[in-house]
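Take a look at the letters that make up each chain.
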Amino acid sequence: QVQLVESGGGLVQAGGSLRVSCAASGRTFSPYTMGWFRQAPGKEREFVAAINWSGGLTYYTDSVKGRFTISRDNAKNTVYLQMNSLKPEDTAVYYCAISNMFGSRRSADFGSWGRGTQVTVSS
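About the criteria used
Residues numbered from 1 in each chain as written. Predicted model: local features only at pLDDT ≥ 70, side-chain atom pairs only at ≥ 80, totals over all residues. Heavy atoms only, no water. Pairing = 2+ DSSP bridges. Helix = DSSP H or I, 4+ residues; strand = E, 2+ residues; numbered from the N terminus. Axes fitted to C-alpha atoms, helices over the stretch in contact; angles between N-to-C directions. Disulfide = S-S within 2.5 Å. Buried < 20%, exposed > 50% of the residue type's maximum accessible area, 1.4 Å probe, protein only.

Visitor: Please clarify how the sheet that holds strand 7 (residues 68-73) should be interpreted in this entry.
Guide: Paired through their backbone hydrogen bonds, the strands of a sheet run either parallel or antiparallel. Strands sit in the order 1-3-8-7 across an open sheet of 4 strands; the sheet is antiparallel. On the outer flanks of this sheet lie strand 1 (2-7) and strand 7, each paired with one strand and no other. Averaged over all pairs of adjacent strands, the angle between strand axes in this sheet comes to 15°, irrespective of strand direction.

Visitor: Honestly, the state of the cysteines in this entry has me stumped. Any pointers?
Guide: Overall, the coordinates contain 1 disulfide when judged by the stated rule. Through a disulfide, Cys22 is tied to Cys96; the S-S separation comes to 1.9 Å. Handedness here is read from the sign of the S-S torsion; for Cys22 and Cys96, about 60°, the answer is right-handed. A residue pair is termed long-range when its members are at least 10 positions apart, and Cys22 in strand 3 (residues 18-26) and Cys96 in strand 9 (residues 92-99) qualify at 74 residues. Judged by relative accessible area, Cys22 falls into the buried class, the value being 0%.

Here it is in structure tokens:
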């Protein structure tokens, strides 16, 4: 089983940048699709971005396209989410997870959830 630990969250002003990371341990994570989700207070967890096993294919939710970039380093068992031009509405706990399929945006199709890292964007 893969264990995931997110890091890199923090407080940033609107318009700023932040990179969050997700480190995997246990079984190798290279065969899996990796995804980032986020959950704001009082809201459901929502899909943010995902990347296929090789890192060659990615997809994003519309609200972050052009601002966020997902990447992975299989040699380091780590997936990243570079977040630029941050907005207050990006404030949330960010979670990473794995999936055996590519293309889904449903949290039910992902597993091995980490505990999350808090990202707060001040206006």
